[in-house]
Amino acid sequence: MEGLRKKLLLCTTLLLQLLCLVVAGGKVPAIIVFGDSSVDAGNNNFIETVARSNFQPYGRDFQGGKPTGRFSNGRIATDFISEAFGIKPYVPAYLDPSYNISHFATGVAFASAATGYDNATSDVLSVMPLWKQLEYYKAYQKKLSTYLGEKKAHDTITKSLHIISLGTNDFLENYYAMPGRASQYTPSEYQNFLAKIAENFIHKLYGLGARKISLGGVPPMGCLPLERTTNFAGGNDCMSRYNNIALEFNDKLNKLTTKLNKELPGVRLVFSSPYDILLNVVKKPAQYGFQVASMACCATGMFEMGYACSRASLFSCMDASKYVFWDSFHTTEKTNGIIANYLVKNALAQFLH
Ligand SMILES: *[C@@H]1O[C@H](CO)[C@@H](O)[C@H](O)[C@H]1NC(C)=O
Ligand SMILES: *[C@@H]1O[C@H](CO)[C@@H](O)[C@H](O)[C@H]1NC(C)=O
């Protein structure tokens, strides 16, 4: 602590201080990620599911034009966040055998596209449920202890930023698409059910030593091109019903964050929501240098994602950086960078020091 303070004294300007905090502090040694396709770096390539994106044109703007299993043309938000924290420019997928614990010691993604808080959501496309991601996290901690030694591993876990990003699929792939949950719960009850799972999950992370945690909000779901395509009555505008659900659910997650910060000694839990920034980008695309916000780049841009995006990819746009959305459900690399930058500034900055 004393050493760090001395180093900081050397930093005179604000900008230099920020740089120094990253360099001198090295306060966040790793980014550890749980969630859905918003943050899956390719785990689904290694499980039996159709919820995949490890083929062209996915990844065409990634390093080497490689389709990694990220649901975008390039990097996803967590890759940008890792870079902003002075770690590496991407967070590798835990199930990818081309990486090992030496890579995962500075960042690892347990996320699985098409999953949700609700076990019934992960069942829809046979992907990794959240509890399974936690099992892998426990196995990871064991490997980390072997690799770094118990004390250093424990210290790494305490200081690492744990990012949780999911929930959209619980509503769009499950509640509003399947018969089960909608007959059991009202939308509000279902939100409470999901928030309770989030609460239990954070308790478990805390029990495993996590202290820096970011609980992600859901995006303006009604503005995803897939939803706009089906909004016939509304002239293909954003579906306000789904945006309102997102706002209600985010409000519950935000309140949960406040509550848990009081309950769990030593925890630093932040709510980090992409809702406002993404809605602003969708409403005023030109301000951010985009030309198209209502349709996606891949294929016709109206409904394709996953294998459908692959098959019709000949029709894809030439320059994805002019588009807010890459496929009908996921944002482009450029949008991901904007979201990550916003989250780092507005929610995660406190973890830089
Ligand atoms: C991890 O993989 C790298 C190659 O990418 C190799 O050099 C290194 O020895 C491996 N480390 C462990 C701990 O397996
Ligand atoms: C989800 O499934 C796991 C494993 O079967 C179980 O332990 C957990 O309680 C389930 N979660 C909910 C909310 O039902």
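This report concerns the structure included in the present document. (Residues numbered from 1 in each chain as written. Chains lettered and ligands numbered in written order. Predicted model: local features only at pLDDT ≥ 70, side-chain atom pairs only at ≥ 80, totals over all residues. Heavy atoms only, no water.)

## Focus: the state of the cysteines
Applicable threshold: Two cysteine sulfurs form what is called a disulfide whenever their separation falls within 2.5 Å. Secondary structure elements follow DSSP: runs of H or I of four or more residues count as helices, runs of E of two or more count as strands, with numbering from the N terminus. A 1.4 Å probe rolled over the protein chains alone gives each residue an accessible area, and that area as a share of the maximum for its type sets the label: buried under 20%, exposed over 50%, partly exposed in between.
Inspection of the entire model under this criterion finds 3 disulfides. With its sulfur 2.1 Å from that of its partner, C297 forms a disulfide with C317. Measuring handedness by torsion sign, the sulfur bridge of C297 and C317 sits at about -95 degrees and is left-handed. Here C297 is found in the loop between β6 (292-296) and α14 (307-311), whereas its partner C317 is found in the loop between α14 and β7 (323-327), with 20 residues between them in sequence. Among the residues examined, C317 registers a relative accessible area of 11% and is labelled buried.

## Overview of the site of ligand 2
Basically, it comes down to this: We call a residue near a molecule or strand as soon as one heavy atom of that residue lies within 4 Å of the molecule or strand. Side-chain atoms alone can form a polar contact between residues adjacent in sequence; in general such a contact is a pair of N or O atoms within 3.5 Å, and within protein one must be able to donate a hydrogen while the other accepts it. The Shrake-Rupley method, run with a 1.4 Å probe, gives the accessible areas here. Residue values count only the displayed protein chains as cover.
Every residue lining ligand 2 is accounted for by N119, W131 and I197. One of the side-chain nitrogen or oxygen atoms of N119 is found 2.3 Å away from an oxygen atom of ligand 2. Protein burial of ligand 2: of its 360 Å² of free accessible surface, 37% is covered by the chains.

## Some points on the sheet that holds β7
The criterion, for reference: By definition, two strands form a pair when at least two bridges between them are found by DSSP. In what follows, a contact means two residues having at least one pair of non-hydrogen atoms within 4.5 Å. Lines fitted to C-alpha atoms define the axes here, with helix axes fitted over just the stretch in contact, and angles between the N-to-C directions of these axes take values from 0 to 180 degrees.
The 3 strands lie next to each other as β6-β7-β8, forming an open sheet whose pairing is mixed. Each edge of the open sheet carries a strand with a single partner, namely β6 and β8 (330-331). Sheet analysis places β6 next to β7, joined by 2 bridges and oriented parallel. In the strand pairing of β7, A296 is matched with F325. Here helix α13 (residues 275-283) sits on the sheet and contacts β6, β7 and β8; the angle it forms with β7, its principal contact strand, is near 105 degrees.

## Notes on the nonpolar core
This is how it is decided: Here the nonpolar core consists of buried residues drawn from Ala, Val, Leu, Ile, Met, Phe, Trp, Tyr and Cys, with membership extended through side-chain atoms lying within 4.5 Å.
Counting 92 residues, the largest nonpolar core has I31, F85, Y137, Y140 and L348 as the members making the most contacts within it. F55, F71, C297 and C298 belong to the second largest nonpolar core, which has 13 residues in total.

## Considering helix α6 (residues 130-148)
To keep it simple, the criterion reads: For a helix, the expected span equals 1.5 Å multiplied by the residue count minus one. The arc in question is the one traced by the directions running from the helix axis out to the C-beta atoms.
Spanning 19 residues, α6 covers 26 Å between terminal C-alpha atoms, matching the ideal 27 Å at 1.5 Å per step. All of the buried residues along α6 are L130, Q133, L134, Y137, Y140, Q141 and L144. One side of α6 carries all its buried residues, which in axial view fall inside an arc of 110 degrees. Turned more than 90 degrees off the buried face of α6, the exposed positions are K142 and T146.

## What about the site of ligand 1?
Contacts to ligand 1 come from N100, S102 and H103. The separation between an oxygen atom of ligand 1 and a polar side-chain atom of N100 is 2.3 Å. Contact with the protein chains hides 34% of the accessible area of ligand 1, taken as 370 Å² for the molecule alone.

## Points about the packing of α13 against helix α15 (residues 333-348)
As a reminder, the rule being used: Note on terminology: angles under 35 degrees are roughly parallel, angles over 145 are roughly antiparallel, angles of 65 to 115 are roughly perpendicular, and the others are oblique. For any pair of crossing helices, the crossing counts as left-handed if the nearer helix is rotated counterclockwise from the farther one by less than a right angle, and right-handed if it is rotated clockwise.
Direction vectors running N to C along α13 and α15 enclose 140 degrees, while the axes themselves pass 9 Å from each other. Relative to α15, the element α13 is oriented oblique. In this structure, the crossing between α13 and α15 has a hand that is right-handed. Two secondary-structure elements touch here, α13 through D276, I277, L278 and V281 and α15 through T335, I338, I339 and Y342.

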